[in-house]
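Below, each chain spelled out in residue letters.
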Amino acid sequence: MNRREFFTAASPKSEEVAELTQVKKVERRTATGISEYTGTWTKWEVKHLLSRALFGYTHADLTSYVGKTMSQSVTDLLNIDTTVPPLPTNDYSFNTPDPECAEDAVWVDKKNSKNFGRRMSLRNWWMKHMISDGTIREKMTLFWHNHFAAESNAIGDARIAYGYLAMIRKYCLGNFKDFTKDMTLDPGLLRYLNGYLNTNQAPDENYARELQELFTVGKGPGSGYTEDDVKAAARVLTGWRIDYSKNPPTSYFQSNRHDVDDKQFSSFYGSTVVAGKTGATAGADELDDMLDMIFAATETSKHIIRRLYTFFVYYEIDADTETNVIAPLAQIFRNNNYNIKPVIETLLKSEHFFDQANRGCIIKQPFDYMFGFAKSAYLNLPPETESNAALYIHEKYLNDICEASEQALLDPPSVAGWPAYYQVPSFHEIWVSSNTMPIRVSIMAQFITNGRTSQGYTVKMNVFDIAEKTSKPNDPNILVNECLDYFLSMPSTANLKASTKAFLLPGGLADFNWTNIWDTYKSNPGDAANTKTCKDLLTYMMYSILNLAEYQLH
Amino acid sequence: MKRRNFLKASSILPLGIGGFGIKNLSATPFLASLGLKAATNDKILVLIQLSGGNDGINTIIPLDQYTNLSKARSNVLITESEVLKLTGTTKTGLHPAMTEVRSMYDNGLVNIVQSAGYPKPNFSHFRSTDIWHSGSDSDENWETGWLGRALNEEFPGYPTGYPTQDMPDPLALGIGTFSTVTQGPTNQMGIGVSNPATVYNLINGNTDTPPNSNYGKELTYIRLVNDQTNVYTQAIKAANDKGKNLSTKYPTGGRNNSLGEQLKIVARLINGGLKTKVYMVSIGGFDTHATQVDASDHKVGAHANLLKTLSDSIGAFQDDIQLLGLDDRVAGMTYSEFGRRIMSNLSGGTDHGAAAPMITFGKNVQGGILGNSPVIPDTVQIKDNLPMQFDMRQVYASAIKDWFGITGTKLTNVMGGKSFDILPIFKGSNVSIKDFEDIVSNIKIYEPFPNPAGDEVNLKFKTDGGTITISVFDPLGNLVKIAFRGRVASGEIVKSFSLAGLSSGNYFIQLAQGNSRVSSVIIKN
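What counts, and where the lines are drawn
Residues numbered from 1 in each chain as written. Chains lettered and ligands numbered in written order. Predicted model: local features only at pLDDT ≥ 70, side-chain atom pairs only at ≥ 80, totals over all residues. Helix = DSSP H or I, 4+ residues; strand = E, 2+ residues; numbered from the N terminus. Buried ≥ 20, exposed ≤ 12 C-beta atoms within 10 Å, placed from the backbone. Contact = placed C-beta atoms within 7 Å. Rg over C-alpha atoms; globule rule 2.2 N^0.38 Å. Pairing = 2+ DSSP bridges. Axes fitted to C-alpha atoms, helices over the stretch in contact; angles between N-to-C directions. Parallel < 35°, antiparallel > 145°, perpendicular 65-115°, else oblique. Left-handed = near helix turned anticlockwise from the far one by under 90°. Nonpolar A, V, L, I, M, F, W, Y, C, P; charged D, E, K, R; others polar. Domains from an automatic or database assignment. pLDDT = per-residue confidence, 0-100.

Draft legend 1. Looking closely at the overall build of chain B. For chain B, the helix and strand inventory stands at 13 helices and 19 strands. Out of the 525 residues in chain B, the part that is buried amounts to 56%. In chain B, the proportion of contacts linking residues at least 24 apart, taken out of those at least 6 apart, comes to 73%.

Draft legend 2. Expanded view of the overall build of chain A. Regarding its fold elements, chain A presents 26 helices and six strands. Here the C-alpha atoms of chain A give a radius of gyration of 26 Å, agreeing with the 24 Å that 2.2 N^0.38 yields for 554 residues. With the C-alpha coordinates aligned to their principal axes, the bounding extent of chain A is approximately 85 × 60 × 50 Å. For chain A, restricting intrachain contacts to residue pairs at least 6 apart in sequence, the fraction spanning at least 24 positions comes to 70%.

Draft legend 3. A look at helix α12 (residues 206-215) of chain A. Residues and elements named next belong to chain A. The element α12 is extensively covered by neighbouring structure, given that seven of its 10 residues are classed as buried. Turning to α12, its buried residues are Y207, A208, E210, L211, Q212, L214 and F215. Tucked inside the fold, the buried residues of α12 contact α7 (137-147), α10 (176-184), α11 (187-192) and α13 (227-236).

Draft legend 4. Looking closely at the sheet that holds strand β13 (residues 444-445) of chain B. Residues and elements named next belong to chain B. Reading across the sheet, the three strands line up as β13-β14-β17 and stay open at both edges, with antiparallel pairing between neighbours. Of all the strands in the sheet, the pair left with one neighbour each is β13 and β17 (491-498). As defined by bridge partners, strand β14 (residues 456-463) adjoins β17 across eight bridges and the pair is classed as antiparallel. Across the sheet, T463 pairs through a bridge with G491, a residue of β17.

Draft legend 5. Up close: the packing of helix α24 (residues 494-504) of chain A against helix α26 (residues 528-546) of chain A. All names here are of chain A. Contact geometry of α24 with α26 gives a least axis separation of 7 Å together with a crossing angle of 155 degrees. As the angle between them shows, α24 and α26 are arranged roughly antiparallel. When the axes of α24 and α26 are compared, the crossing they make is right-handed. Residues T500, F503 and L504 of α24 touch α26, and the partners they reach there are L537, Y540, M541, S544 and I545. For the contact of α24 with α26, the per-class residue count stands at six nonpolar, two polar and no charged.

Draft legend 6. Representation of the packing of helix α23 (residues 476-487) of chain A against α26(A) within the structure. All names here are of chain A. Contact geometry for α23 and α26: axes closest at 10 Å, N-to-C directions at 35 degrees. Of the two possible hands of crossing, α23 and α26 adopt the one that is right-handed. Packed against α23, whose contacting residues are V480, C483, L484 and F487, the element α26 presents M541, M542, I545 and L546 at the interface. When the residues that make up the contact of α23 with α26 are grouped by side-chain class, the tally is eight nonpolar, no polar and no charged.

Draft legend 7. Structural context of the domain arrangement of chain B. Residues and elements named next belong to chain B. What the domain assignment lists for chain B is domain 1 (13-441) and domain 2 (443-524). Contact residues are listed per partner, giving 24 residues for domain 1 and 20 residues for domain 2. Here the element with the most residues in the side of domain 1 that touches domain 2 is helix α13 (residues 433-442); it accounts for three residues. Grouping the constituent residues of the side of domain 1 that touches domain 2 by class yields 14 nonpolar, six polar and four charged.

Draft legend 8. Summary view of the pairing of strand β9 (residues 330-336) of chain B. Residue and element names in this part refer to chain B. Judged by how many residues are buried, β9 sits mostly within the fold: seven of seven residues are covered. Of the two faces of β9, the one lined by V330, G332, T334 and S336 and the one lined by A331, M333 and Y335 are each fully buried. Two strands pair when backbone bridges link them, and β9 and strand β10 (residues 356-361) are joined in this way by two bridges, in the antiparallel orientation. By the bridge assignment, M333 is partnered in β10 with T360.

Draft legend 9. Representation of the sheet that holds strand β4 (residues 89-94) of chain B in the model. Residues and elements named next belong to chain B. The antiparallel open sheet is built from three strands, whose spatial order is β2-β4-β3. Lying at the two open borders of the sheet, with one neighbouring strand each, are β2 (60-62) and β3 (84-86). Here the strands of the sheet are splayed against their neighbours by 45 degrees on average, with no regard to which way each runs. Alignment of β3 against β4, held across three bridges, turns out to be antiparallel.

Draft legend 10. The arrangement of the confidence of the model for chain B in detail. Residues and elements named next belong to chain B. Mean pLDDT over chain B works out to 85, with 88% of the residues at or above the 70 mark. Segment residues 1-39: pLDDT under 50, and 84 contacts once partners within four positions in sequence are set aside and those in other chains are kept. Note on the complex model: pTM 0.77, ipTM 0.88.

Draft legend 11. Region of the structure containing unusual backbone geometry. In this chain, B:F449 is followed by B:P450 through a cis amide linkage whose omega measures -10 degrees. Despite not being glycine, A:D104 has its phi angle at roughly 75 degrees, a positive value. With respect to the helices, strands and loops of the structure, A:D104 is situated in the loop between α5 (70-78) and α6 (115-132). For B:S115, which is not glycine, the phi dihedral falls at a positive 50 degrees. Here B:S115 is to be found in strand β5 (residues 110-117).

Draft legend 12. Representation of the environment of A:A502 in the model. All names here are of chain A. For A502, the position within the fold is in helix α24. Judged by the 23 C-beta atoms lying within 10 Å of it, A502 falls in the buried class. Measuring from C-alpha to C-alpha, the distance between A502 and A105 comes to 52 Å, with 397 residues separating the pair along the chain.

Draft legend 13. Highlighting helix α3 (residues 43-53) of chain A. In terms of burial, α3(A) is largely enclosed, as eight of its 11 residues are buried. Where α3(A) is buried, its residues contact α4 (59-66), α5, α7, α15 (298-312), α17 (340-348) and α18 (351-354) of chain A.

Draft legend 14. Fine view of the confidence of the model for chain A. In this model, chain A carries an average pLDDT of 92, and 95% of its residues clear a pLDDT of 70 or more. A low-confidence stretch, residues 1-27 of chain A stays under pLDDT 50, and its non-local contacts, those more than four residues away or across chains, total 22 contacts.

As structure tokens, then:
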């Protein structure tokens with residue numbers, strides 16, 4: 001639902017629309033740039049950094065990072081593990097066996113089979129990495145998944161989907177130019193954007209168009225590629241195919257399907273001619289030549305930086321931001337031969353990133369909301385010792401919630417990725433709507449009250465755990481304030497502290513009442529009545545926080 | 001791009017506390033035809049929680065016990081001549097601040113249940129509140145609330161499939177409060193708002209103005225979406241816009257007088273057409289351990305201010321409901337987690353107690369007082385409490401049956417499988433307060449002898465004959481002994497029974513016939 005439809009459907013009162021419009025006009029931008037941030041380093045800065053770089057954070061994370069310098073923190077977050085983790089295994093065939101793959105065996109190198117189960121297995125596999133990884137690796141991988149977007153249900157073959165994911169994980173902080181070349185030849189993108197059907201007899205322009213419109217130069221103010229450039233690029237890309245006989249399938253070049261004539265590009269690309277070539281390496285060689293041309297356009301670097309900015313900082317890019325942030329970062333990107341890491345490092349260490357104007361202003365995408373909650377609330381997803389059925393069903397449930405909230409892992413709505421990262425003017429406001437808001441609210445209610453039981457295992461938030469992590473759980477003021485501080489991205493007002501404390505101490509009861517309950521719970525947890533009271537009060541207090549509009553932001 | 005099955009996926013999601021999943025209203029006639037019928041009647045109950053433990057004997061003052069009261073609680077007791085008199089009784093009066101409730105009582109709009117509580121009282125605010133909300137015995141831990149169970153009987157499956165054409169509105173609405181009283185077996189049946197004009201956050205109710213920043217801009221947007229997309233917030237706001245108040249009697253004074261403000265909102269929402277069955281409002285500050293009265297003048301001070309707010313707010317609300325022509329449908333009920341100790345303490349206050357009076361009001365209540373004045377012993381120990389005369393679950397069962405019209409096995413389910421005698425609280429009940437009073441007036445209990453007593457004591461009493469129960473309560477309000485249960489002949493009778501094994505101190509002897517109870521005090525040596 002776009003914004004216009006939303007307003008029509010909800011028929012707000014005219015003054016409310018006017019109020020919103022007025023708010024939108026207010027100038028809230030900043031002139032800060034990419035100089036290194038030198039301000040205070042407290043839990044608020046740490047939470048800002050971790051929220052944007054990870055999926056949620058733990059109390060231990062906050063303590064650990066507050067103890068480092070800003071610079072060291074960013075460096076550590078960027079110090080990713082580049083080894084390939086254990087491959088996803090068959091956790092999906094507990095009802096119907098996969099004839100090609102035994103239970104618990106790796107499926108990515110087995111014959112094509114049970115693609116729905118395998119795709120869900122792949123989602124669960126990635127989700128668990130998102131929750132557990134302590135570096136920026138998974139957030140960057142998601143950024144590139146949204147950038148080189150492909151739908152696993154359109155790719156069909158889950159082995160190819162895994163190959164696609166493995167590729168973007170491998171390059172998440174690597175060299176963007178090499179990355180682009182490998183993605184171009186990746187079986188997943190060849191399949192998704194019809195590259196495997198692109199021949200000298202019948203050129204298919206699909207990939208050639210998206211390569212320029214979305215993946216490299218983009219359609220920003222400095223871009224100027226033409227329709228003829230799309231046609232020329234399509235001819236460069238002819239001849240690539242997918243060998244499905246391999247496990248997993250691979251791409252290969254078939255020279256007799258390749259267009260061997262010269263390809264003339266427009267003045268936007270300096271009227272470059274990519275010389276037609278023949279032979280086994282013709283496809284790869286011409287691709288290199290074309291990418292040299294595309295990466296010579298400074299707009300390519302700016303387009304990627306704007307995408308990174310929208311994902312990691314905010315969606316409004318005004319003239320100051322373009323001058324002070326986008327342009328210098330693009331310069332760094334080019335100076336470093338399109339290596340991604342120095343750019344991210346500079347951005348995350350910048351005064352602009354830590355500027356108050358950019359704090360707490362991103363509406364959490366469903367993965368941040370759900371997986372971030374799972375991490376921050378220590379949600380007890382089934383351990384590996386549980387049955388595959390329990391593991392699969394409970395993990396898939398979190399992914400199903402994200403899908404219902406309009407963000408399906410490995411299934412973005414189109415090659416453009418999720419509209420929240422490109423749709424003017426709403427951008428990430430698209431995440432919250434009449435469809436998604438009730439889901440966001442009710443899922444918190446479920447996990448904090450009854451939990452979800454399936455396969456004899458209950459996934460449920462433990463409110464005592466959260467309380468125990470505060471510095472003095474028997475002091476209601478410290479408990480409430482630290483819970484607010486932990487879950488919310490911005491400091492709470494005195495009113496919010498008071499209205500939240502009222503869930504712990506209804507009717508203005510004196511503080512010692514809570515102290516007695518907590519102390520009794522600690523000294524005698526077998527006192528069922530007191531323990532229940534303690535649990536109920538904590539539940540309502542924490543639910544009142546998780547239910548806040550403020551909790552939707554980070 | 002393929003259109004995803006978002007809606008299909010979202011429909012599988014269960015809903016929890018919030019209970020405010022948004023369903024397409026156009027689907028509701030279909031759902032209604034499947035049997036999701038409206039409640040059996042259009043009656044509305046407004047629960048007023050007096051949080052902290054209200055001092056019942058300084059609220060509903062037992063004038064016939066005044067001599068002993070003045071010995072036990074001289075630090076807080078209201079001067080006898082200043083106690084408000086009630087028409088038709090000399091035994092009971094009201095705190096001088098409660099002029100509005102007095103005039104309602106005199107007009108037959110107030111029903112007072114004396115010494116309501118539960119066996120084995122608990123003195124923790126939270127635990128006792130839990131017991132009051134759940135309606136369990138004090139040694140049981142129930143996860144559900146009595147009104148949550150009642151609403152679940154009437155609106156099974158809520159919130160799945162709701163709102164419906166017949167019930168387009170939230171089942172229960174807390175104004176500035178939200179508690180386990182409306183927790184149903186699988187879902188919370190209520191929602192909470194602080195200000196129906198700006199709902200924003202449905203649970204917490206915080207409405208701080210967002211800062212002028214990108215954060216503030218997005219926060220404003222999310223709140224707007226929250227409001228606009230939640231059918232219940234729309235229904236609440238629509239009722240708030242459409243409804244009006246006619247009474248000019250509401251007390252003013254902002255947050256500190258928030259009970260009046262809360263009840264004013266309730267009246268407006270009902271007038272605006274909201275079909276919500278239960279409203280919850282609350283007033284805190286009753287935990288008056290110290291300086292509950294001014295030392296120089298006991299009719300003023302913290303407790304007097306609270307009772308004035310309570311009385312003025314109830315008076316204004318009833319006035320409003322009457323002027324709006326809604327008084328046939330609306331009843332209110334006060335409760336508190338416990339009363340306070342008989343004896344006042346040295347800091348001019350009272351400590352946590354046990355049984356206390358409940359006030360039910362409205363056009364359709366049976367005006368009068370159920371039960372006798374709580375008996376105040378001649379010599380009171382610091383730990384002494386009032387024994388209950390009525391189980392508060394009798395009051396609940398009466399409201400469920402005689403107000404909401406829920407009967408039979410449904411009523412039994414609401415009461416957790418237990419059976420409670422119905423009290424003459426609402427008009428249209430099978431029991432009438434007149435019959436009740438007649439029985440009471442025909443029962444007489446004399447002072448036990450000897451007093452003080454050893455292990456044996458004798459009790460002389462007079463009834464019209466029938467089944468009676470003689471119970472012994474300890475000073476904490478615990479039922480410690482059933483001394484006799486059986487049929488007796490009419491006229492004066494003396495029964496002897498043993499107090500062996502009880503430690504020394506005050507005990508209450510209670511004689512019950514049907515729902516009528518009379519008490520006396522015995523001192524055990």
